[in-house]
Amino acid sequence: MSEESIESRLKKMIVERLFMKISPDEIEDEKSLINVYGVDSVSLLELVVGIEEEFGIEVEDEDFDVRSFETVAALSAFVQRKMG
Amino acid sequence: MSTEQQFFIDDTGPALCATLYFPDGDVSGAILFCNPMFEELKASTRLMVEAARAFCAAGFAVLRFDYRGCGDSEGEFADMSVGDWLDDIGRALRFLNNHCPTADSPVILGVRLGGTLALQALRGNEEVRRVVLWEPVPDCRSYIGQELRKKLTKEMMTFGSNRATRDSLLAELAAGGNVDLDGYCLSARLYSDLCNLDSAGMAGDGREVLLLNVSHQTSVSRSYVKYRDRLEESSFSSTVDAVRLQPFWNLVGYVDGQPLIDRTREWLATAVES
């Protein structure tokens, strides 16, 4: 059984936590979560908490850089970096 | 026809803005709402109004009020302490009892930090035997930490990255300074008061509690399982359920809170029947 990709886990988590009315597959890796999918500052914090729970990592205050949260691809790179 | 009256409770302290929902016909009970704090109050107001109307239609007299320094009540938020707000809950309860003398013992319904305050307000109050908690704050220190994180997230959205860190903001509070949370001034005193709530005991004394965990999940989170244990250790008789609903206290947009209202009404009806 193949392991689920980080991107796929992220998309599922985003749709579930933000109660989005789309399927996880519809989120495109490179499209802006903020401009295209309507993620705002409050839902961004929900995503930060979601990432911590889903991947067992801690998002430090110093990690709060909008470029890391802009797209699923950027989030995936961030998660991989944090997971070492 | 039920009525809604807005007025000020100005008995023994700063005037508290309040709304009383009074049912048509027999009053089957009375409910006092304890609001959340900071931005969560603004985001929760509409759902609380809808809940108050729904409970009123089910025969309950309902009182909603603003703590001093909040909403339309007298006072400055920056000057307030937890003790002030516990006093306000007591005043609102007395008001409700005076205006609904035929009702059974009143129920307190606390939302978020309002739930945490409600549990403290039970000390020395034998009248209240039932409490409803909507996503209460189990750990005030962590709660403030999350509020500070919200601040950082907003800075990140505005400036690209945050300008402070939680550590620097906490250091500011520890030095006796204030921190701005979306326009609400969190004073060093209030921060200290809130942190002290974490170690304050709770006086369950056999009271019944309905705790509703509101989230994207359909099962109760680990933190609320632990919280239930704390409630049981403090002699509360608790019912803990998960309600799958958006975190309405965090959202600017409308959230249909019907599942939360329905579950609460169901529990209230069972309690009235027994």
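Conventions used here
Residues numbered from 1 in each chain as written. Chains lettered and ligands numbered in written order. Predicted model: local features only at pLDDT ≥ 70, side-chain atom pairs only at ≥ 80, totals over all residues. Heavy atoms only, no water. Pairing = 2+ DSSP bridges. Helix = DSSP H or I, 4+ residues; strand = E, 2+ residues; numbered from the N terminus. Axes fitted to C-alpha atoms, helices over the stretch in contact; angles between N-to-C directions. Contact = heavy atoms within 4.5 Å. Parallel < 35°, antiparallel > 145°, perpendicular 65-115°, else oblique. Disulfide = S-S within 2.5 Å. pLDDT = per-residue confidence, 0-100. Salt bridge = Lys/Arg side-chain N within 4 Å of Asp/Glu carboxyl O. Buried < 20%, exposed > 50% of the residue type's maximum accessible area, 1.4 Å probe, protein only. Arc of directions from axis to C-beta.

1. A short note on the sheet that holds strand E6 (residues 130–134) of chain B
Residues and elements named next belong to chain B.
- Overall, mixed pairing links the eight strands, which are arranged E1-E2-E4-E3-E5-E6-E9-E10 in an open sheet. A strand with exactly one partner marks an edge of an open sheet, and here the two such strands are strand E1 (3–9) and strand E10 (237–244). Taking the axes of each pair of neighbouring strands and ignoring which way they run, one obtains an average angle of 20 degrees across the sheet.
- By the bridge criterion, five bridges tie E6 to strand E9 (residues 208–215) in an arrangement that is parallel. Pairing of arginine 130 across the sheet is with glutamate 208, part of E9.
- Its contacts with the sheet put helix H1 (residues 39–57) on E1, strand E2 (16–22), strand E3 (29–34), strand E4 (60–65), strand E5 (107–111) and E6, and the angle it makes with E4 is roughly 160 degrees.
- Strand contacts of helix H3 (residues 113–121): E3, E5 and E6, with the helix running at about 140 degrees to E5, the strand carrying the most contacts.

2. Focus on the packing of helix H4 (residues 140–159) of chain B against helix H6 (residues 188–197) of chain B
Residue and element names in this part refer to chain B.
- Interhelical geometry of H4 versus H6 gives an angle of 135 degrees and a closest axis separation of 7 Å. Compared by their axis directions, H4 and H6 come out oblique. On H6, the residues touching Cys140, Arg141 and Ile144 of H4 are Tyr191, Leu194, Cys195 and Leu197.

3. So, the state of the cysteines
- Overall, the coordinates contain zero disulfides over all chains when judged by the stated rule.
- The thiol of B:Cys195 is unpaired, and the distance to the nearest cysteine sulfur, on B:Cys140, comes to 7.5 Å.

4. As for the confidence of the model for chain A
- A residue-level look at chain A finds 98% of positions with pLDDT of 70 or above and a mean pLDDT of 93.
- Element-level pLDDT for chain A is lowest in helix H2 (residues 41–55) of chain A, with a mean of 92, against a maximum mean of 97 in helix H1 (residues 6–17) of chain A.

5. Some points on the pattern of salt bridges
- As enumerated under the stated definition, the model contains 28 salt bridges over all chains in all.
- One salt bridge connects A:Asp65 with A:Arg67, and the closest N-O pair in it is separated by 2.7 Å.
- Look at A:Asp65 and you get buried, because its relative accessible area is 18%.
- Exposure remark for A:Arg67: the relative accessible area of 64% places this residue in the exposed category.
- B:Arg68 is paired through a salt bridge with B:Asp87; the nearest N and O atoms lie 2.8 Å apart.

6. Describing helix H5 (residues 166–174) of chain B
Residues and elements named next belong to chain B.
- When we look at burial in H5, the residues that qualify are Arg166, Leu169 and Leu173. Looking straight down H5, one finds its buried side chains confined to an arc of 70 degrees; they lie on one side. For H5, the exposed residues lying more than 90 degrees away from the buried face are Asp167 and Ala174.
- At its buried positions, H5 is contacted by H4, strand E7 (179–181), strand E8 (184–186) and H6.
- Where H5 ends, the next residue or the one after it, glycine 176, has phi of about 90 degrees, a positive value.

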